[in-house]
Amino acid sequence: MKGKKKWILVAVVAVLVLAGAITAALLWEEQEEHSETYDMVAQAISKTEALEDVGFQISSEAMITDNGTLRKTETSGYIYKLADLQRIFVYVNTKSTTPEDPSQDFDVTVSMFSDGEHVYDNSGATDVIVDMTCEDFDQIVSGYGLYEYDEADVVQVAYAENELEIYDGGEMVVTLSKPSDAVLEAIAGSLSEVLGESVTKEELVTVSARVDYSIYDGMVTAQSCNFTVEHTCDDGRKVRYASATHVIMLENDETGDQETVPVT
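Residues numbered from 1 in each chain as written. Predicted model: local features only at pLDDT ≥ 70, side-chain atom pairs only at ≥ 80, totals over all residues. Heavy atoms only, no water.

1. Considering the pairing of strand S3 (residues 87–97)
Short version of the rule: One requirement defines pairing of two strands: DSSP has to find at least two bridges between them. Comment: elements are numbered from the N terminus, with helices defined as DSSP H or I runs of at least four residues and strands as E runs of at least two.
Here strand S2 (residues 69–82) runs beside S3; their pairing, made up of 11 bridges, is antiparallel. From the neighbouring strand, Tyr 78 faces S3, where its bridge partner is Tyr 91. Two strands pair when backbone bridges link them, and S3 and strand S4 (residues 106–114) are joined in this way by 9 bridges, in the antiparallel orientation. Its bridge partner lying in S4, Lys 95 is registered against Asp 107.

Structure, rendered in structure tokens:
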């Protein structure tokens, strides 16, 4: 089962890093002064991630192109934690195609959970213990976080409050001058692998960077990250990396039934 450990790293990292929906560290600190909109987002992220019973449904697509497609990666799945059961569930499917080198293609589904003592593969009819420690599993999963931007990178912020009385919140659109350094480093690594030449984050030129948040009842109920960067190769050709990641929060109600938090 050592191969399963490799594939969960491939599949989960594809969502949490390469697609851009990560936060390397909490940038917001209470003693620092920030704009009202930034504080709203940062506090909503903290409140959401602090929930004991919460899930994140994730879908993403990333493409590396020049005149054609060099690589396309699609990922969908969810991460769910249940405090009462003391379990963390991960279900992720990742499909990657490389037209110029089909030997690099893969289509992997990972369905696993941890009960604090063992890590299990529950993709079949029977749960099977995986050769992975709970600490390793938790470390991979804890790498996930809702995207928190650096206020220094903000170009424009627009907030539209939902005027319907049944909702308390609205939609935040943040345009950035660039993605975070963590995202740029991940993109540079992916480009290096595909192009076969060294690419650093400093060499990437941001074409567009935008993050949309749905914030209701003080929590982030949905998030979309859209990043596009360009790189000039050693031979002078320009290669573009574009990613779109969508996250929807799932939360248990008091009866224990799963519900999707309303997003408008």
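Text resumes after the structure shown.
2. With respect to the confidence of the model for the protein
For clarity, the cut-off: In predicted models, pLDDT denotes the confidence assigned by the predictor to each residue on a 0 to 100 scale. We call two residues in contact when some of their heavy atoms are within 4.5 Å.
Of the residues in the protein, 81% reach a pLDDT of 70 or more, and the chain-wide mean stands at 81. Element-level pLDDT for the protein is lowest in strand S12 (residues 258–260), with a mean of 42, against a maximum mean of 96 in strand S9 (residues 205–216). Here residues 13–31 is a poorly scored stretch, pLDDT under 50, and it has 57 contacts once near neighbours within four places are set aside; other chains count. This stretch, residues 253–264, has a pLDDT under 50; its non-local contacts, to residues over four places away or in other chains, come to 25 contacts.

3. Here's the deal with the side chain of Arg 71
Put simply, the rule reads: By the criterion applied in these results, polar contacts are pairs of N or O atoms within 3.5 Å in which, for protein atoms, one can donate a hydrogen and the other can accept it, and in which residues neighboring in sequence qualify only through two side-chain atoms.
By the secondary structure assignment, Arg 71 is in strand S2. Here Thr 98 takes part through its side chain, which lies 3.3 Å from a polar atom of the side chain of Arg 71. Among the polar contacts listed, one links the side chain of Arg 71 to the side chain of Glu 193, at a separation of 3.5 Å. What Arg 71 contacts, discounting residues up to four positions off in sequence, is Ala 62, Met 63, Ile 64, Ser 96, Thr 97, Thr 98, Pro 99, Gln 104, Glu 193 and Val 194.

4. Notes on the packing of aromatic side chains
Operational definition: Here a pair means two rings of Phe, Tyr or Trp (six-membered ring of Trp) with centres within 6.5 Å. Their orientation is stacked below 30 degrees between planes, edge-to-face above 60, and tilted elsewhere. Any residue under 20% of the maximum accessible area for its type is buried, any over 50% is exposed, and the rest in between are partly exposed; the area is computed with a 1.4 Å probe on protein chains only.
One pass over the full model with this rule turns up 7 aromatic pairs. Between the aromatic rings of Tyr 149 and Tyr 213, the centroid separation amounts to 6.4 Å while the plane-to-plane angle is 45°, which identifies the pairing as tilted. Of the two residues, Tyr 149 sits in the loop between helix H3 (134–142) and strand S7 (154–161) while Tyr 213 sits in strand S9, which places them 64 residues apart along the sequence. Like Tyr 213, Tyr 149 is buried. Among the aromatic residues, those joined into a cluster by ring pairs are Tyr 38, Tyr 149 and Tyr 213.

5. A short note on the environment of Gly 55
Within the secondary structure layout, Gly 55 lies in strand S1 (residues 54–65). The exposure class of Gly 55 is buried, given its relative accessible area of 0%. As for Gly 55 and Phe 89, which are separated by 34 residues in sequence, their C-alpha atoms are 8.9 Å apart. Beyond its immediate chain neighbours, meaning those up to four positions away, Gly 55 contacts Ile 79, Tyr 80, Ile 248, Met 249 and Leu 250.

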